[in-house]
Amino acid sequence: MNPVPAAPPAGVANLATAPGAPVTTFLQLFSNSRSDLLQGAIDQSAFSVDAANMAATSTPADLRLLMTTTTLRNQPSLYGLGNDDGDVEVLFCPEVVSSLPGQTASIHNSKLVAFHGEIIAGTATTSEITTNTHLALTPLQSCPTAADFVAYVQAEPAGTTGRLLMDPVDATAATVPAETRQRKLFPIPFGQAPSFLRRQGRDTKKVDVRIFFASLYPLLQTSGKENDCIPMINAFRQLGTRTIVGGTSSHMDTSAPPGLSRCPILLGRRLEVLHSFLPGLDPSNNQPPASSNVVREMELTRQQGFNFEKARREEREEEKLNKIRNKCGGTPALKALLQLCEVIATNQLTPTMQSILTADESQWDGILQAAFDELLVGERIKTKMVLANGLAKAIVRGDWATNTPGDLAGGSIANLFQVYQDQHTVRSANQLKGVARTGQVTMSVTELQTLIGLKVHLPFPTRTKQFIVVCKLLLQLVQGSNGSLFKFIEAHLKSYLANDDDFASQELLSPTDGPLRGVYHLMVLNNAMYSWTANVRMGNTPPALNPDWIFEQIDNQRPWQPMMNKNTRQDYHLDLFAAVVLKSNQGGGLTNPAAPHGVQTDLLRNQEEQTMGQEEHMPMNFANRDAASIVSHITTATRGRPNTAAGAIPLRVPIVAPGAPAGRERDPNPNHNNRLFQKFADMFQVSCGGLKKRIKDGSVPEVVESKVKQGGRPKGRMCLAFHVRGGCSKNCNNLYDHVAYSDAEYESSGLVGWCNENWKAPGAAE
């Protein structure tokens, strides 16, 4: 981290009592070398970002503390932010707002605030530096070098104006600079501050990429300070690099810090800071009488500037909002998007959504894919998953769910059949004919092409987890971790991972539909999200989403799957798909010797992973629905009963016959040890049921013994679901082990070591 500035050395006069003309502007302050407590030393290491070792990178909390401490030590500090025009806004002397014990707290407590603009220019408002926007990290990017920018500027015709932007360096170039990423806020060294401050007037061109590399960067080179200012230099490199080839913005572009509402407590504190740095503004410091005039002029100019900047800011915000309205398709569409994201203003949207809405439409899918790829790394998923073309546009336009319940196509993130596409190439008709001629395939080429050409991605029963994970990650990017749909899918995924063996063994209403278990599973989730989104868009209070509805139905021995509409079966060729699942040996243990169709494994894998783009979905004829057709909705109001809430879709679920067993009751672990086991619980590729099968076939050793004794000996094995996943069933064979363990008992039991060795997907590298 950047070292905290030391107190002034002995013999260095305090700024407030330094002789000479009163200091009344920030330009005067930074033009006087005696004001620099660091005496010319530069250390920007706290803002360095090592992409190969992010653990060593300062966190936003570290930077907030550093900047606050610097201000409290009376060390003048200046920071830059690239705005949407590619110009640099300057911020002075930031600090986190706090109050002492017993003092009245400001309404802006805990915010990181700074002066924004030169004080005498009338633009010095107190603004907030936000973590998600201004301290955010930019994506990795290969930017042209500083020498490239210098050469580019020198080659420009004299008098060139407009924003300077260069394309990112192509990976095939002869020399590719190391990828870089930055904090959007970057430090400006004391010695270069005057160059930025002289360009803060209302009608003066601010420092931008062209000015920096034409005049300021060469000064760093000649003074030998280039290596001390790498974060600032890299910030200008990325500010001058397009997000994509031919783009019109950079990853450093950000909205200006918002001005804070008037608060007497905050104003008093910031005036203390102002007067400590600019003593000439305070007549109480025995300055000449003219100081009183300076204060009055400053207050008058400040108010005039505040009104001017407020009007400009409101104008810019309205212009920005109009652009967003147009991108969403109008005011009603924007309102619908905000309702679905459960926020009331665009600045409350997730960082990903804000980036999408402020970018060109041609960049939307790329922004969403990049953010999605980062989350995949956190989920320990190495397989490349390509999001469907046009997915971001569908999200922005509020097209989240299918148009009708029970449909498999249409919508976007609230349709698990429609969100991502495979990166492999679809086989040509000639290839399919060749496979058929060799006798490896018994179904016709036409049938194979029919399945491969579906506009939806159908899940094998053993592959539904991947679909749910993709949906969860997308909802995290769009709704955020507090979103209702995100919480629903996340909670359902955890329950499914803890109970997938029970789920797989539960017989369906029609046993021959076993190969379609995954399709049914996703339909239930789809219908729940359809009901939620439909009610939100109609202005109704949406029904509460119940992530455990399927498992509650199973525990009570009630059917959980929606009755399949016959048109759905025909339109999406589900009977043909079921035959493929059976022949592929991926039906979760299901067999059907009478199945007439089969296809080779690698072709099946291609079909299994094949996902189509966002094309117009097939029309459904719901006028001819079976009398028994129903739509399942996972809501707390519909556990076997009709949902009659306003705007809700009616539900009919067959009730278990009188006298049937009550079934299983959930048994959550209230003492789940997140520190030891959460990393295993989050591995969606591994299931307790799968581990049990591998233990049975000898490929994985037995689970360690329980601490519970019987006759002086361990009563049996520990329960993986209860201790690792965080919950199980009360009819578990290892129910005796559903007890609390201390950290020491977990360590001594050997369960942690067992998980480290064996909690892996089949075939995973050691």
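The rules behind these values
- Residues numbered from 1 in each chain as written.
- Predicted model: local features only at pLDDT ≥ 70, side-chain atom pairs only at ≥ 80, totals over all residues.
- Heavy atoms only, no water.
- Buried < 20%, exposed > 50% of the residue type's maximum accessible area, 1.4 Å probe, protein only.
- Helix = DSSP H or I, 4+ residues; strand = E, 2+ residues; numbered from the N terminus.
- Axes fitted to C-alpha atoms, helices over the stretch in contact; angles between N-to-C directions.
- Parallel < 35°, antiparallel > 145°, perpendicular 65-115°, else oblique.
- Left-handed = near helix turned anticlockwise from the far one by under 90°.
- Contact = heavy atoms within 4.5 Å.
- Nonpolar A, V, L, I, M, F, W, Y, C, P; charged D, E, K, R; others polar.
- Phe/Tyr/Trp six-rings, centres within 6.5 Å; stacked < 30°, edge-to-face > 60°.
- Pairing = 2+ DSSP bridges.
- pLDDT = per-residue confidence, 0-100.
- Polar contact = N/O pair within 3.5 Å; in protein donor to acceptor, adjacent residues only side chain to side chain.

### Re helix α24 (residues 688-696)
Okay, step 1: Those residues of α24 lying buried are Cys-688, Gly-689, Leu-691, Arg-694 and Ile-695.
Okay, step 2: Taken from the residues just after α24, Gly-698 is the one with a positive phi, measuring 90°.

### Quick look at the packing of helix α10 (residues 331-341) against helix α18 (residues 517-537)
Okay, step 1: Following both chains from N to C, one finds α10 and α18 inclined at 130°, their axes separated by 9 Å at the closest point. When the axes of α10 and α18 are compared, the pair comes out oblique. The interaxial crossing formed by α10 with α18 has right-handed handedness. For the pair formed by α10 and α18, the contact residues are Ala-336, Gln-339 and Leu-340 on the first element and Trp-532, Thr-533, Val-536 and Arg-537 on the second.
Okay, step 2: In the contact of α10 with α18, the residues fall into 4 nonpolar, 2 polar and 1 charged.

### Regarding the environment of Ala-151
Okay, step 1: Mapping Ala-151 onto the fold places it in helix α4 (residues 146-155).
Okay, step 2: Using a relative accessible area of 42% as the deciding quantity, one classes Ala-151 as partly exposed.
Okay, step 3: Through-space distance from the C-alpha of Ala-151 to that of Ala-214 is 9.2 Å; in sequence the pair is 63 residues apart.

### Quick notes on the packing of aromatic side chains
Okay, step 1: Per the counting criterion, the structure on display carries 15 aromatic pairs.
Okay, step 2: The interplanar angle of 40° and the centroid separation of 5.9 Å between the aromatic rings of Phe-47 and Tyr-79 together place this pair among those described as tilted. Within this pair, whereas Phe-47 is found in the loop between α1 (26-31) and α2 (60-72), its partner Tyr-79 is found in strand β1 (residues 78-82), the two being separated by 32 residues in sequence.
Okay, step 3: We classify Phe-47 as buried; its relative accessible area is 3%.
Okay, step 4: Overall, Tyr-79 belongs to the buried group, its relative accessible area being 6%.
Okay, step 5: For the ring pair Phe-149 and Phe-213, a centre distance of 4.9 Å and an interplane angle of 10° mean the geometry is stacked.

### With respect to the sheet that holds β1
Strand pairs in the sheet, formed through backbone hydrogen bonds, run parallel or antiparallel to each other.
Okay, step 1: One open sheet accounts for 5 strands, arranged β4-β3-β2-β1-β5; its pairing is antiparallel. With partners counted over all chains shown, the strands left at the sheet margins are β4 (125-129) and β5 (186-188), one partner each. Taken over all neighbouring pairs, the strand axes of this sheet differ in orientation by 45° on average, direction set aside.
Okay, step 2: Sheet topology places strand β2 (residues 88-96) next to strand β3 (residues 112-116); 4 bridges connect them, and they run antiparallel.

### Comments concerning the packing of helix α12 (residues 364-378) against helix α16 (residues 464-478)
Okay, step 1: The interhelical angle for the contact between α12 and α16, taken along N-to-C directions, is 120°, at an axis separation of 10 Å. On the basis of their axis angle, the class for α12 and α16 is oblique. Regarding α12 and α16, the two cross each other, and that crossing is right-handed. Residue-level contacts link Leu-368, Ala-371, Phe-372, Leu-375 and Leu-376 of α12 to Val-470, Leu-473, Leu-474, Gln-476 and Leu-477 of α16.
Okay, step 2: Considered class by class, the residues forming the contact of α12 with α16 number 9 nonpolar, 1 polar and no charged.

### So, the confidence of the model for the chain
Okay, step 1: Per-residue confidence for the chain gives a mean pLDDT of 75, with 74% of residues at or over 70.
Okay, step 2: Contacts of residues 287-292 to residues separated by more than four positions or lying in other chains number 9 contacts, the stretch itself having pLDDT below 50.
Okay, step 3: Below pLDDT 50 for its whole length, residues 585-664 participates in 207 contacts with residues either more than four positions away or in separate chains.

### With respect to the environment of Thr-464
Okay, step 1: Summarising the element assignment, Thr-464 is placed in helix α16.
Okay, step 2: The spacing of Thr-464 and Arg-517 is 53 residues in sequence and 9.2 Å in space, taken between C-alpha atoms.
Okay, step 3: Apart from residues no more than four positions distant in its own chain, Thr-464 is found in contact with Pro-459, Tyr-496, Gly-518, His-521 and Leu-522.

### A look at the side chain of Gln-44
Okay, step 1: Relative to the elements of secondary structure, Gln-44 occurs in the loop between α1 and α2.
Okay, step 2: Of the polar contacts made by the side chain of Gln-44, one reaches the backbone nitrogen of Met-232; its length is 3.3 Å.
Okay, step 3: Dropping the residues within four chain positions of it, Gln-44 is found in contact with Pro-187, Ile-188, Pro-189, Asp-228, Cys-229, Ile-230, Pro-231 and Met-232.

### Points about the pairing of β1
Okay, step 1: With respect to burial, β1 is a largely interior element, 5 of its 5 residues being buried.
Okay, step 2: Of the two faces of β1, the one carrying Leu-78, Gly-80 and Gly-82 and the one carrying Tyr-79 and Leu-81 are both buried.
Okay, step 3: By the bridge criterion, 5 bridges tie β1 to β2 in an arrangement that is antiparallel. The residue of β2 that forms the bridge with Gly-82 is Val-88.
Okay, step 4: Sheet topology places β1 next to β5; 3 bridges connect them, and they run antiparallel. Within β5, the position partnered with Tyr-79 by the bridge is Pro-187.

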